[in-house]
Amino acid sequence: MPSIKLQSSGGEIFEVDVEIVKQSVTIKTMLEDLGMHDEGDDDPVPLPNANAAIFKKVIQWRTHHKDNPPPPEVDEDKEKRTDGISVWDQEFLKVDQGTLFELILAANYLDFKGLLDVTCKSVANMVKRKTPEEICKTFNIKNDLPGPCAVCSFK
Amino acid sequence: MAAAAGEEEEEEAARESAARPAAGPALWRLPEELLLLICSYLDMRALGRLAQVCRWLRRFTSCDLLWRRIARASLNSGFTRLGTDLMTSVPVKERVKVSQNWRLGRCREAILLKWRCSQMPWMQLEDDSLYISQANFVLAYQFRPDGASLNRRPLGVFAGHDEDVCHFVLANSHIISAGGDGKIGVHKIHSTFTVKYSAHEQEVNCVDCKGGIIVSGSRDRTAKVWPLASGRLGQCLHTIQTEDRVWSIAISPLLSSFVTGTACCGHFSPLRIWDLNSGQLMTHLGSDFPPGAGVLDVMYESPFTLLSCGYDTYVRYWDLRTSVRKCVMEWEEPHDSTLYCLQTDGNHLLATGSSYYGVVRLWDRRQRACLHAFPLTSTPLSSPVYCLRLTTKHLYAALSYNLHVLDFQNP
């Protein structure tokens, strides 16, 4: 199975199965821009915006999901649901907030839409059904609004 | 990003800190486009609560983009079925707020106009004016900025008929009126120009005007086509023998055909579509015609879709592309009253006026059952609702003695 070498921002090199990363438009573009091919060249592809720890997690997720097709285009008018996150994904995403947000950034940078969707849904689930005070606490945001919290107009 | 209407304090804070608070919450590490993506999974309640977390999130979550999808699924929020925004000057979040009032039936009722003799008024709205027929006149009133009251003195009075005005439409700064005297009147709005001509042998019950063409329908069992051109007013282009009293009429947005709603006293459909250029029958709608099921109001929502209502107490939605024999959907007036008039927001809202107790009903077109009913009169003065008009904030209903307003913006 052909593999490809990827280098994280810290310089660490990962040898990864091409199948796993070929959905990433970013990596694909990098390969084309640098004039590299799947076989042959041994130079690692630099990914300056991905640090090693997060990159490992991304590869772990992609490896588990490698047989899944890319997610379909969303109908702009349909309600976007946040249920349907698989048990494996839920376990995978039991990380601290910092790591979760880094995963979102990495999924966005590497253009892995499936991972981006599931991580964003997770954060949305952290907001849903919480009161404003609970949201402040969860995300460590300071409430700087004047006066007592206004009554929510959307019942 | 459009900001919601905020207090002065917020404006000041906005000027002070254009960016998010720098240090602190890990959430701020995400660029705005990713925060928007996360927020796109939130429903309106969650967005509302997020807006109470801090100043920055209040402004961020009011952005039109986040509310657009919610607005398109809401009632009367100023979006058409195809997603065209009809009110780009009003922030979408505000419109969704008012839309909740329509959904929940929360409104304040008031009377805008009263008159002494019983009438069967017709109405049109244009810009910030309301036009209403009173006996043989059409009066123009100006709305006050709140849209829930009128300046007392009419802006204009359009005379010319010898009997009651039955119906009228506005077209290119003209009022085209249909009278009980069998005449059609053409009045230029911001001038004194008025012309009237004999059109039918009996009452002209309905009229429409589009693309320089006038169509009229009458008790004399004909529909006629006329030019709206100064040299040729009154020169009939076609006379169609409908063989049935014509109660309602509408020209297609494509300007090549028009529909008549007739009294259903013969063995043919009360809804028929005619070619405007030749006057020939193109098709009829429906396949079951119980006698007396006359159609009192009909409108084109788009070139291929129509809404109709009348004596058989149903509103029907027709799609010419799928079938002319059977309507796509129908809604039944639950108290078995004739439906005199209907209006739609072009998306999910339907409003109807019934023949008893001034009942105005609101419907969500995605459901069969009526959402809300507002009886505007009580016995003994039971009155039909002769005409309805609506905006995103108000509903206006004309009954025998009063013009009512339902204010959904300030319930």
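This structure is a prediction, so every number in the text was calculated from the model and none was measured. (Residues numbered from 1 in each chain as written. Chains lettered and ligands numbered in written order. Predicted model: local features only at pLDDT ≥ 70, side-chain atom pairs only at ≥ 80, totals over all residues. Heavy atoms only, no water.)

**Overview of the environment of B:R55**
- Of note, B:R55 is situated in helix 4 (residues 55-60).
- Between the C-alpha atoms of B:R55 and B:S230, which are 175 residues apart in sequence, the distance is 60 Å. (Helix = DSSP H or I, 4+ residues; strand = E, 2+ residues; numbered from the N terminus.)

**Remarks on helix 5 (residues 97-110) of chain A**
- Taking 1.5 Å per residue as the helical rise, helix 5 of chain A with its 14 residues ought to reach 20 Å, and the 20 Å between its terminal C-alpha atoms agrees with that figure.
- Counted residue by residue, helix 5 of chain A has ten buried out of 14 residues, so it is predominantly covered.
- Among all positions of helix 5 of chain A, only A:G98, A:T99, A:L100, A:F101, A:L103, A:I104, A:A106, A:A107, A:Y109 and A:L110 are buried.
- Close packing links the buried residues of helix 5 of chain A with helix 2 (25-33), helix 3 (52-64), helix 4 (87-92), helix 6 (113-127) and helix 7 (132-139) of chain A together with helix 2 (32-39) of chain B.
- Here helix 5 of chain A starts with a cap whose side-chain oxygen sits 3.0 Å from the backbone nitrogen of A:G98, and that cap is A:D96.
- Positioned one or two residues after helix 5 of chain A, A:D111 has a phi angle of 60 degrees, which is positive. (Expected span 1.5 Å × (residues − 1). Buried < 20%, exposed > 50% of the residue type's maximum accessible area, 1.4 Å probe, protein only. Contact = heavy atoms within 4.5 Å. Polar contact = N/O pair within 3.5 Å; in protein donor to acceptor, adjacent residues only side chain to side chain.)

**Structural notes on the packing of aromatic side chains**
Residue and element names in this part refer to chain B.
- What the rule picks out here adds up to ten aromatic pairs over all chains.
- Measuring from ring centre to ring centre gives 4.8 Å for W56 and F60, while their planes differ by 15 degrees; the resulting arrangement is stacked. Within this pair, W56 and its partner F60 are both found in helix 4, separated by four residues, close to a single helical turn.
- Assessed through its relative accessible area of 7%, W56 is described here as buried. (Phe/Tyr/Trp six-rings, centres within 6.5 Å; stacked < 30°, edge-to-face > 60°.)

**A look at the nonpolar core**
- Residues A:L6, A:V21, A:L47, A:I104, A:F139 and B:L57 are the most contacted members of the largest nonpolar core, which totals 70 residues.
- Among the nonpolar cores identified, the runner-up in size contains 25 residues, and B:Y131, B:I132, B:V165 and B:A398 belong to it. (Core = buried A, V, L, I, M, F, W, Y, C linked by side-chain atoms within 4.5 Å.)

**Considering the UniProt feature "domain: SKP1 component dimerisation" (unreviewed entry) in chain A**
- In the numbering used here, UniProt assigns the feature "domain: SKP1 component dimerisation" (unreviewed entry) to residues 113-145 of chain A.
- Annotated as 70% helix and 0% strand, the span residues 113-145 of chain A places its first and last C-alpha atoms 35 Å apart. (UniProt positions renumbered as here; feature names shortened; annotations may be inferred.)

**Describing empty space enclosed by the protein**
- One pass over the full model with this rule turns up one cavity of 30 Å³ or more.
- Taken together, the elements giving at least two residues each to the lining of the largest cavity come down to helix 6 of chain A together with helix 2 of chain B.
- Of the residues forming the lining of the largest cavity, the biggest block, three residues, is contributed by helix 2 of chain B.
- Its residues assigned to classes, the lining of the largest cavity comprises ten nonpolar, no polar and no charged. (1 Å grid on protein atoms, 1.4 Å probe; cavity = no way out; pocket = protein on both sides within 12 Å on 5 of 7 lines; lining within 4 Å. Points joined across faces, edges and corners; volume = space filled by probe spheres on them. Nonpolar A, V, L, I, M, F, W, Y, C, P; charged D, E, K, R; others polar.)

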